[in-house]
Amino acid sequence: MAFTLPALPYAFDALEPHIDTTTMQIHHGKHHQAYVDNLNKAIAGTPNEGKSLEELVQKAGSISPAVRNNGGGHWNHSFFWESLAPKAGGSPSGKLADEINTSFGSFDAFKEKFNAAGVSRFGSGWAWLIVKEGKLEISSTPNQDNPLMEVAETKGAPLLGVDVWEHAYYLKYQNRRAEYLGAFWNVVNWAKVNERFSATSK
């Protein structure tokens, strides 16, 4: 079965004014679609055809750059869309909130460190909140790599990720990546992040 583009779980304009409609349309319909299409081309007729996206991503370092880049792009964006929601933001609750306070000192300190990981990522890439060996950590990856890949500098289970490729923010924020990252917190789907965190402790 070929991979397909997942539908957004909300309307293109649902994250306004923090992420604009046109960016969402292009980001999802053009960029993410291209990763899906190119991944399907890269695995067609190879031993990787028929493998799950997770299998491809985890073995990214031992397969072709086309599968690594496009498989990572497909996984990362599918994860990203679910990390966002309209009328969301605020702060986490329950055990996740407690763990953030324990690991980073406070929620504000966590956001500051997470934003710094996104701002300091040279070129294109992602910033992540992950669980590594039962502890929360912040990391970043280049291009379309992610913490599930065996080639990642810091490996772990992703809870939250933010896309800092220019295509994610340039139409609205131009070169102001820090401003985009500030707006990001208004649309974080903490219910989904909490769900992922709970799954890591089972």
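Described in the following lines is the structure provided in the data block. Remember, it's a predicted structure, so these values are computed and weren't measured experimentally.

Each value, and the rule that gives it
Residues numbered from 1 in each chain as written. Predicted model: local features only at pLDDT ≥ 70, side-chain atom pairs only at ≥ 80, totals over all residues. Heavy atoms only, no water. Buried < 20%, exposed > 50% of the residue type's maximum accessible area, 1.4 Å probe, protein only. Helix = DSSP H or I, 4+ residues; strand = E, 2+ residues; numbered from the N terminus. Pairing = 2+ DSSP bridges. Contact = heavy atoms within 4.5 Å. Salt bridge = Lys/Arg side-chain N within 4 Å of Asp/Glu carboxyl O. Axes fitted to C-alpha atoms, helices over the stretch in contact; angles between N-to-C directions. Parallel < 35°, antiparallel > 145°, perpendicular 65-115°, else oblique. Nonpolar A, V, L, I, M, F, W, Y, C, P; charged D, E, K, R; others polar. Polar contact = N/O pair within 3.5 Å; in protein donor to acceptor, adjacent residues only side chain to side chain.

1. Brief notes about the pairing of strand S1 (residues 125-132)
Step number 1: Burial analysis of S1 places 7 of its 8 residues in the buried class, which makes it a mostly covered element.
Step number 2: Pairing analysis gives 8 bridges linking S1 to strand S2 (residues 135-142), with the strands arranged antiparallel. When the sheet's bridge partners are listed, Lys 132 is paired in S2 with Lys 135.
Step number 3: Linkage of S1 to S2, two consecutive antiparallel strands, is achieved through a turn of 2 residues, within which Glu 133 is found at a positive phi near 50°.
Step number 4: The pairing of S1 with strand S3 (residues 157-163) spans 6 bridges and is antiparallel. Considered in S3, the bridge of Ile 130 is made with Pro 158.

2. Here we look at the environment of Ala 168
Step number 1: Checked against the element boundaries, Ala 168 lands in the loop between S3 and helix H6 (170-173).
Step number 2: Each C-alpha atom of the pair Ala 168 and His 31 lies 9.5 Å from the other, and the pair is 137 residues apart in sequence.
Step number 3: Apart from residues no more than four positions distant in its own chain, Ala 168 is found in contact with Thr 23, His 27, Asp 163 and Tyr 180.

3. Quick word on the pattern of salt bridges
Step number 1: Counted under the stated rule, the structure contains 4 salt bridges.
Step number 2: Here Glu 195 ties to Lys 192 by a salt bridge, and the two come within 3.0 Å at their closest N and O atoms. Taken together, the positions of Glu 195 and Lys 192, both in helix H8 (residues 190-200) and 3 residues apart, correspond to about one turn of that helix.
Step number 3: For Glu 195, a relative accessible area of 48% puts it in the partly exposed group.

4. Remarks on the packing of helix H4 (residues 94-104) against H8
Step number 1: Two elements in contact, H4 and H8, have axes whose closest approach is 9 Å; the angle formed by their N-to-C orientations is 85°. Taken together, the axes of H4 and H8 lie roughly perpendicular to each other. Between H4 and H8, the contacting residues are Lys 95, Leu 96 and Glu 99 on the first element and Trp 190, Val 193, Asn 194 and Phe 197 on the second.
Step number 2: Within the contact of H4 with H8, the residues separate by chemical class into 4 nonpolar, 1 polar and 2 charged.

5. Section: the environment of Glu 55
Step number 1: The residue Glu 55 is located in helix H2 (residues 53-58) in this model.
Step number 2: Classification of Glu 55 by relative accessible area gives partly exposed; the value is 41%.
Step number 3: Along the chain, Glu 55 and Gly 71 lie 16 residues apart, while their C-alpha atoms are 9.8 Å from each other.
Step number 4: In terms of polar contacts, Glu 55 uses its side chain to reach the backbone amide nitrogen of Ser 52, at 2.8 Å.

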